[in-house]
Amino acid sequence: MSQFLAPQILFLKEGTDTSQGLGQLVSNINACLAVVDILRTTLGPRGLDKLIHEGRDKVTISNDGATILKLLDITHPAARTLVDIAKSQDAEVGDGTTSVTLLAGEMLKNCKDYLQDGLHPRTVIRAYRKAATLAVKRVRELAIDIHGKDAEETRLLLQRCAATTLNSKLIAHHKEFFSSIVTDAVLALDEDLDLSMIGIKKIQGGSATDSMLVKGVAFKKTFSYAGFEQQPKRFVNPKVIMLNIELELKAEKENAEVRVDSTKEYQAIVDAEWDIIYEKLNQIVKTGAKVVLSRLAIGDLATQYFADRDIFCAGRVDEADLHRVSRAVGGVIQTTMNSVAESDYDTIVGICEIFEEVQIGNERYNMFTGCPKAKTATIIVRGGSEQFMAETERSLHDSIMIARRTIKHSTAVAGGGAVEMELSRYLRDYSLKVHGKEQLLILAFAKALEVIPRTLCDNAGFDSTDILNKLRAKHATGEDGKWYGVDIEEAGICNTWESFVWEPALVKVNAISAATEAACMILSVDETVQNPQNDQTQSAPGGGMGRGGMGGMPGMMAGAGRGVRKFKGRGGR
């Protein structure tokens with residue numbers, strides 16, 4: 001009898017929600033599958049786009065997996081794991097964000113039945129990690145080195161990889177045009193392939209094919225004062241100086257008080273201010289620079305001063321653009337001109353072959369080309385709407401990342417689901433050599449890899465069952481069929497390597513590894529503890545004991561977190 005009278009031990013704060021066991025594990029898997037279903041229709045050349053309205057008339061149209069997951073603002077703790085792997089895939093290789101999310105979701109889906117039948121999650125994790133190791137090893141065996149024999153062949157191979165990335169984007173019908181721009185931009189960089197040295201600028205108006213590549217630095221003309229139009233707009237081999245100095249007469253601060261006894265003292269103060277700014281301007285002119293850029297404002301006095309001496313100036317230049325110019329022309333950004341000696345002039349100024357201001361659409365752009373110190377490029381994107389140009393920018397970013405990775409790791413595999421089908425066949429054959437539960441789980445992993453070609457077929461409106469059966473039969477023939485994937489154009493199968501549908505092997509290796517780690521992380525969680533938000537949430541809505549019921553009940557309902565659905569019972573209103 002005493003065991004029923006034992007006091008209950010509470011070690012968590014009142015209001016803490018705890019869920020554990022198999023039910024919680026299945027709930028986490030279901031949450032991840034709900035996220036996967038959102039992205040499923042965006043995969044492949046025939047994938048559809050998502051329109052996300054964020055309020056205040058901000059609309060995003062995209063089929064990029066990482067972009068969609070960022071904008072969805074997912075709050076479920078387990079489902080956020082998929083957001084993290086999509087972000088890491090985007091940061092690491094730039095493409096394959098939708099694929100990695102689909103793979104992780106399919107791995108979880110295929111093992112859910114085994115978990116509900118009593119299989120321990122650790123058994124699943126162990127088998128999945130073994131299958132992932134085998135799959136990654138097989139990808140590296142299949143990968144073909146595409147390093148060109150000469151510069152022209154290397155450019156052609158890079159362009160094919162860049163075009164494959166653009167196949168599934170909004171600008172797919174212009175993939176040859178944009179893949180050429182992307183390839184030239186990446187090849188224009190130094191050996192370190194610094195992504196920050198490629199700028200992407202958007203100018204509304206015109207068509208997508210009006211986009212252009214500037215082999216140098218280009219940025220939008222900044223706000224200018226009177227006298228700007230008198231300045232020259234083109235120089236050959238000019239010296240360029242970059243500043244972080246305000247070149248205008250500063251107004252007095254609020255509540256500033258200066259007491260003077262005579263007009264001479266007041267005039268002395270005014271003269272001192274003019275002397276200070278003229279000293280700065282004289283120091284800049286002495287450097288021999290013909291182009292003056294500043295992070296801060298350049299006022300009307302300085303603008304007219306430079307115009308009288310045939311010097312171009314631009315103030316309020318964006319910090320990223322100023323740093324790109326600095327690295328490209330070789331100068332050093334100056335925060336003061338007071339302590340600069342004449343012997344240091346050559347070290348603080350840079351030089352480029354041509355500087356000019358040109359009209360593009362309704363905008364004027366300042367362009368620096370022929371920069372000797374660091375190679376750089378700027379892609380100017382044209383389009384009819386902000387949403388289209390924003391999606392074009394995201395697509396070009398993915399393609400640039402793929403081209404960079406291909407230069408650093410010059411191995412590729414066939415796309416279109418070919419490598420996934422070959423890995424699936426390889427793991428199915430391997431599973432026949434394994435006994436016990438591990439065999440079933442490796443087969444589940446192999447089946448999960450087929451989600452890529454199956455989704456490609458479904459999104460294109462093809463019969464996925466029929467095409468997957470043809471692919472399995474072709475891959476079973478051995479080496480002759482290893483590069484066969486989905487033929488989007490003819491609704492069948494084809495050798496995607498010969499069709500130049502290429503993807504860097506690094507994309508597949510990273511996708512399989514990241515998807516497996518995400519799936520294993522979710523499978524290893526058997527309990528979720530949600531702490532109460534704050535005391536006010538718990539006490540304020542509950543109030544005292546009201547008419548017709550207990551006082552604490554409304555507070556318990558109010559404590560339901562975001563995303564929790566409330567179901568009405570039988571007879572509820």
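Residues numbered from 1 in each chain as written. Predicted model: local features only at pLDDT ≥ 70, side-chain atom pairs only at ≥ 80, totals over all residues. Heavy atoms only, no water.

Taking an unreviewed UniProt entry as the reference, the protein is identified by name as T-complex protein 1 subunit eta belonging to Gracilariopsis chorda. Looking at the protein in UniProt, the text filed under Subunit (unreviewed entry) is "Heterooligomeric complex that forms two stacked rings." What the UniProt record of the protein gives under Function (unreviewed entry) is the line "Molecular chaperone; assists the folding of proteins upon ATP hydrolysis. Known to play a role, in vitro, in the folding of actin and tubulin." (UniProt positions renumbered as here; feature names shortened; annotations may be inferred.)

Moving on to the nonpolar core. Formed by 77 residues in total, the largest nonpolar core has its most connected members in F445 and L523. The residues that make up this core include at least three from each of domain 1 (17-145 + 414-527) and domain 2 (151-215 + 381-409). Residues within four places of F445 in sequence aside, it is in contact with M107, Y128, A131, A132, A135, L427, I512 and T516. By size, the runner-up hydrophobic cluster in this structure holds 24 residues, among which are L166, I171, F178 and I181. (Core = buried A, V, L, I, M, F, W, Y, C linked by side-chain atoms within 4.5 Å. Buried < 20%, exposed > 50% of the residue type's maximum accessible area, 1.4 Å probe, protein only. Domains from an automatic or database assignment. Contact = heavy atoms within 4.5 Å.)

Moving on, we come to the sheet that holds strand 4 (residues 144-145). Read from one edge of the open sheet, 3 strands run 4-16-19, paired in antiparallel fashion. The sheet terminates laterally at strand 4 and strand 19 (502-504), the two strands that pair on one side only. The pairing of strand 4 with strand 16 (residues 411-414) spans 2 bridges and is antiparallel. The residue bridging D145 from the neighbouring strand is T411, located in strand 16. (Pairing = 2+ DSSP bridges. Helix = DSSP H or I, 4+ residues; strand = E, 2+ residues; numbered from the N terminus.)

A few words on a nonpolar patch on the surface. Taken together, the side chains of V258, V260, Y266 and I269 define a hydrophobic patch exposed on the protein surface, amounting to about 370 Å² of accessible area. Looking at where I269 falls in the secondary structure, it is placed in helix 8 (residues 263-286). We classify I269 as partly exposed; its relative accessible area is 35%. (Patch = residues over 30% accessible without salt bridge, like charges linked within 9 Å, V, L, I, M, F, W, Y side chains within 5 Å. Areas by Shrake-Rupley, 256 points an atom, 1.4 Å probe, with all protein chains shown as cover. Salt bridge = Lys/Arg side-chain N within 4 Å of Asp/Glu carboxyl O.)

Let us now look at helix 14 (residues 437-449). Taking 1.5 Å per residue, 13 residues should reach 18 Å; helix 14 reaches 19 Å between its end C-alpha atoms and fits that length. Taken as a whole, helix 14 has its buried residues at L441, I442, A444, F445, A446, A448 and L449. (Expected span 1.5 Å × (residues − 1).)

Before going further, it helps to examine the packing of aromatic side chains. Considering all chains together, one arrives at 12 aromatic pairs under this definition. Taking 5.6 Å as the distance between ring centres and 70 degrees as the angle between the ring planes, the aromatic pair formed by Y128 and F445 counts as edge-to-face. Within this pair, whereas Y128 is found in helix 5 (residues 121-142), its partner F445 is found in helix 14, the two being separated by 317 residues in sequence. Summarising the burial analysis for this pair, Y128 and F445 share the class buried. Consider the rings of F312 and F355, whose centres lie 4.7 Å apart with planes at 55 degrees: the pair is tilted. Of this pair, F312 sits in strand 11 (residues 312-314) while F355 sits in strand 13 (residues 354-360), and the two are 43 residues apart along the sequence. Given the relative accessible area of 0%, F355 is considered buried. By the ring-pair criterion, three or more aromatic residues cluster together here, those being F219, F235, F312, F355 and F368. The ring of F500 has R160 sitting right over it, with the charged end atom 3.7 Å from the ring centre. We note K474 situated over the ring of Y484; from NZ or CZ to the ring centre the distance is 4.8 Å. (Phe/Tyr/Trp six-rings, centres within 6.5 Å; stacked < 30°, edge-to-face > 60°. Lys NZ or Arg CZ within 6 Å of the ring centre and 35° of its normal.)

Another aspect to go through is the pattern of salt bridges. Between side chains of opposite charge, a pair can form when the charged atoms approach closely. Counted under the stated rule, the structure contains 27 salt bridges. In this structure, the salt-bridge partner of D398 is K169, at a minimum N-O distance of 2.9 Å. Separated by 229 residues along the polypeptide, D398 in helix 12 (residues 386-408) and K169 in the loop between helix 6 (151-166) and helix 7 (175-187) bring together distant segments of the chain. Taken individually, D398 and K169 each receive the classification buried, so the pair is uniform in this respect. Among the ionic pairs, R234 bridges to E356, the shortest N-O distance being 3.5 Å. Placement of the pair is R234 in strand 8 (residues 234-236) and E356 in strand 13, with a sequence separation of 122 residues.

With respect to topology, 4 strands assemble into an open sheet ordered 11-10-9-12, the strand pairing being mixed. Because the sheet does not close on itself, it has two edges, and the strands there are strand 11 and strand 12 (350-351). When strand 9 (residues 239-243) meets strand 10 (residues 291-294), the two strands line up parallel, connected through 4 bridges. In the sheet register, L243 faces strand 10, and the bridge partner there is S294. Packed onto the sheet, helix 10 (residues 319-329) meets strand 9, strand 10 and strand 12 and runs at close to 140 degrees relative to strand 9. (Axes fitted to C-alpha atoms, helices over the stretch in contact; angles between N-to-C directions.)

Here we come to the confidence of the model for the protein. The pLDDT averaged across the protein works out to 83; a share of 87% of its residues lies at or above 70. Helix 5 holds the highest mean pLDDT among the elements of the protein, 94, whereas helix 19 (residues 552-558) holds the lowest, 37. Residue range residues 535-573 is modelled with pLDDT below 50. Its contacts to residues more than four positions away, or to other chains, number 23 contacts. (pLDDT = per-residue confidence, 0-100.)

Below, the discussion takes up the side chain of T164. Within the fold, T164 resides in helix 6. There is a polar contact of 3.0 Å between the side chain of T164 and the backbone nitrogen of W502. In this view, T164 contacts F500, V501, W502 and E503; residues no more than four positions away in its chain are not counted. (Polar contact = N/O pair within 3.5 Å; in protein donor to acceptor, adjacent residues only side chain to side chain.)

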